[in-house]
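Here's the letter readout for the chains.
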Amino acid sequence: MRFAWRTLGSMIGWIIFGMWVAFGYQIVSQNQQKGIAAVDFQSYALAAERMQHQANPYPAIAEAQAMWRSVHLWEQRMLNASDPAAKLAVKAQYDQVGQIVGPYLYPPTLAQAVAKLQINSLGMAAILSMATLLFVGFWLYLTKQSSAWTILVMLSLECMLGIVSGNVEALLLLGSLLGGYWALYHSRLAAALIIALLLLIKPFYALFFVALAALAYCTMADSTARQALIKRIASIAALALGLIGLEIWRWDSALRHETFTYLANTLEYQWFNFAVAEQSPMSMWNRTPLQGLINLGLNPNLAQMLALGLWVLGLAASCWLVWRKQVGFPLLYGISFILLYWGRPVGWSFSFIELIVLSLLWPTLGRWGKIGLSTALLGLIGSRWVALGLTAQAQGMPLNTLQTSDFAWESWLVLPLCLLCLGYAIRQKVQAHAATSNQPILINEAHS
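Residues numbered from 1 in each chain as written. Predicted model: local features only at pLDDT ≥ 70, side-chain atom pairs only at ≥ 80, totals over all residues. Heavy atoms only, no water.

S.K.: Can you lay out the overall build of the protein chain for me, pointing to particular residues and giving the numbers?
M.R.: Secondary structure summary: the protein chain contains 22 helices and 0 strands in total. By principal-axis analysis of the C-alpha atoms, the protein chain measures approximately 85 × 50 × 45 Å. Within the protein chain, the proportion of its 448 residues that are buried is 49%. The long-range share in the protein chain, meaning contacts at least 24 apart out of those at least 6 apart in sequence, stands at 78%. Total accessible area computed for the protein chain in this model is approximately 21,200 Å², and 67% of it derives from carbon and sulfur atoms. (Helix = DSSP H or I, 4+ residues; strand = E, 2+ residues; numbered from the N terminus. Buried < 20%, exposed > 50% of the residue type's maximum accessible area, 1.4 Å probe, protein only. Contact = heavy atoms within 4.5 Å. Areas by Shrake-Rupley, 256 points an atom, 1.4 Å probe, with all protein chains shown as cover.)

What follows is the structure, given as structure tokens:
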């Protein structure tokens, strides 16, 4: 009977979580009926439309920079308005003008998929809703946690915003979880397909897979196992690169030229080259070390090199943490996940970070540790709702973060602290494993 009650509770938890996901889908459906397209998806759709007309999917650099400046000007008008009523009036004008769609800043594969599959805002919402369900479900399966943990995702503003805005991120994070798991334990071809697709949409996901491979190698004490892993990773990498090469070969010469021109001038398409005072609110939304370094006044090119160096430093420290330790896939994924956020150049959200960090640490914490970490992460979640409230009141455009251009605290504090927490979980797990391994020996000695 006890098992039956636990099963019933788990089912109720998943039903509630499914209703939450369906709520996000319903918002998109209602917006579509009003003629409002999901803002992030709209940039993919506009690039797809350009490609269908044999036009360049990438805007001119001046066009992209003008878009970023327009967002900054709207925010300045709100902040400089004389009183709350005037601020709300500016916000009403902004809402009436319509959402400002960002430029398409990805390789063309995503836009081509949108065009060929004829995906609209509602279709993307359905894909992202399913991806969110699958990510959370598979993660809780791997960590052997109950459906009660879905409450962290439901409280997270960023996961809901991802579905409503039509941002492809949730699908890519699901790909990182499945691709990483299969790369280490199952089908090489399936892993290569997923990895190739992710890199063709957002190339910086290579940071995740490089970190995961390095960490998995460092956990192995047996030289034969290490050599087998190297061969496995090399074969997957070769397959993935071959698939990427085939995709690039499939593009016509004009599209290849347009894409490589964009990739060679990526920084010029971003807001990074503006003075920090002209970047807001993008410099608040973007919670990455690269943005933090630029906000300190560094040249974007130098900041990019230093940010990569910080990522290498984080990876080296993580490899030291797991060196010759049997930590299991969930912890390897969690560390690689944090390092992805630490190294990526643009990151509007930290989707799933509370779920991953707290669920990994929970078994290793005592009572007060659980209370303290839960409070900290719930405070982080709450800060984003406060930011959304300020945005609704026309107090600028913080959207979903309270960090400022002067102090990018979510980048400089949240990510390193999460990494330290996972390091603590590794230490506790290793100590528990050592104690378990020694127990039979002590029993035998006692009997002898």
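Right, picking up where we left off after that structure.
S.K.: Outline the environment of alanine 221, supporting the account with residue identities and numerical values.
M.R.: Assignment of secondary structure puts alanine 221 in the loop between α11 (206-219) and α12 (223-250). Setting aside its immediate chain neighbours within four residues, alanine 221 contacts Arg226 and Arg324.

S.K.: Can you lay out the side chain of asparagine 167 for me, pointing to particular residues and giving the numbers?
M.R.: Relative to the elements of secondary structure, asparagine 167 occurs in the loop between α8 (157-165) and α9 (169-185). A distance of 3.0 Å separates a polar side-chain atom of asparagine 167 from the backbone nitrogen of glutamate 169. Setting aside residues up to four positions removed in sequence, asparagine 167 forms contacts with Asp40, Tyr44, Leu128, Gly162, Lys202 and Trp348. (Polar contact = N/O pair within 3.5 Å; in protein donor to acceptor, adjacent residues only side chain to side chain.)

S.K.: Explain the packing of aromatic side chains to me, and be specific about the residues and the numbers.
M.R.: As enumerated under the stated definition, the model contains 30 aromatic pairs in all. Seen from their ring centres, tryptophan 14 and phenylalanine 17 are 5.9 Å apart, and the 65° between their planes marks the pair as edge-to-face. A residue pair is termed a helical-turn pair when its members lie 3 or 4 positions apart in one helix, as tryptophan 14 and phenylalanine 17 do in helix α1 (residues 2-33) at 3 residues. Accessibility expressed as a relative area gives 28% for tryptophan 14, which makes it partly exposed. (Phe/Tyr/Trp six-rings, centres within 6.5 Å; stacked < 30°, edge-to-face > 60°.)

S.K.: Before we move on, could you go through the packing of α11 against helix α19 (residues 329-343) and cite the residues and values that matter?
M.R.: For the pair α11 and α19, interaxial distance at closest approach is 8 Å and the crossing angle is 140°. In terms of axis orientation, α11 runs oblique to α19. When you trace α11 past α19, the crossing you get is right-handed. Residue-level inspection shows Leu207, Phe208, Ala211, Leu212, Leu215, Ala216 and Thr219 of α11 in contact with α19, the latter providing Phe329, Leu332, Tyr333, Ile335, Ser336, Phe337, Leu339, Leu340 and Gly343. (Axes fitted to C-alpha atoms, helices over the stretch in contact; angles between N-to-C directions. Parallel < 35°, antiparallel > 145°, perpendicular 65-115°, else oblique. Left-handed = near helix turned anticlockwise from the far one by under 90°.)

S.K.: Go over α19 with me, naming the residues and quoting the values.
M.R.: Between its first and last C-alpha, α19 extends 21 Å over 15 residues, near the 21 Å set by a 1.5 Å rise per residue. Burial of α19 is extensive: 14 of the 15 residues sit out of reach of the surface. (Expected span 1.5 Å × (residues − 1).)

S.K.: Tell me about the nonpolar core, and name the residues and values.
M.R.: Within the largest apolar cluster, 130 residues are counted, with the highest numbers of intra-cluster contacts made by Tyr44, Phe135, Tyr333, Phe337, Ile338, Phe352 and Ile353. In terms of residue count, α19 provides more of this core than any other element does, 11 residues in total. Once you skip the residues sitting within four places of it in the chain, isoleucine 353 turns out to touch Phe337, Ile338, Tyr341, Val414, Leu415 and Cys418. (Core = buried A, V, L, I, M, F, W, Y, C linked by side-chain atoms within 4.5 Å.)

S.K.: If you had to explain the packing of α11 against α12 to someone new, which residues and values would you point to?
M.R.: Two numbers describe how α11 lies on α12: the axes approach to 9 Å, and their chain directions differ by 165°. Accordingly, the angle class assigned to the pair α11 and α12 is roughly antiparallel. Both α11 and α12 take part in a crossing whose hand is right-handed. Contact residues: Ala213, Ala216 and Tyr217 in α11; Arg226, Leu229, Ile230 and Ile233 in α12. When its residues are assigned to classes, the contact of α11 with α12 shows 6 nonpolar, no polar and 1 charged. (Nonpolar A, V, L, I, M, F, W, Y, C, P; charged D, E, K, R; others polar.)

S.K.: Quick one: what's the story with the confidence of the model for the protein chain, residue by residue and with numbers?
M.R.: Predicted confidence across the protein chain gives a mean pLDDT of 89, with 95% of residues reaching 70 or more. Low pLDDT, under 50, characterises residues 440-448; the stretch is placed with 0 contacts to residues that sit more than four places away or in other chains. (pLDDT = per-residue confidence, 0-100.)

S.K.: Residue-level account of α9, with values.
M.R.: With 17 residues, α9 should cover 24 Å at 1.5 Å per step; its first-to-last C-alpha distance of 24 Å lies within 8% of that length. Counting buried residues along α9, 13 of its 17 residues qualify, which places the element largely inside the surrounding structure.

S.K.: How would you explain unusual backbone geometry if you had to name every residue and give the values?
M.R.: As a rule of thumb, non-glycine residues mostly have phi less than zero, and peptide bonds are mostly trans rather than cis. The backbone of phenylalanine 352 sits at a positive phi, close to 70°, despite the residue not being glycine. The backbone of alanine 394 shows a phi angle near 65°, a positive value even though the residue is not glycine. Within the secondary structure layout, alanine 394 lies in the loop between α21 (367-392) and α22 (409-447).

S.K.: If you had to explain the pattern of salt bridges to someone new, which residues and values would you point to?
M.R.: In this structure the tally under the stated criterion is 10 salt bridges. A salt bridge links arginine 287 to glutamate 158; the shortest N-O distance between them is 2.7 Å. Of this pair, arginine 287 sits in the loop between α16 (282-285) and α17 (289-295) while glutamate 158 is found in helix α8, placing the two residues 129 residues apart along the sequence. Here arginine 287 and glutamate 158 have matching classes, each one buried. Overlapping salt bridges, with partners in common, bring together Glu158, Arg287, Glu354, Arg384 and Glu410 in one network. (Salt bridge = Lys/Arg side-chain N within 4 Å of Asp/Glu carboxyl O.)

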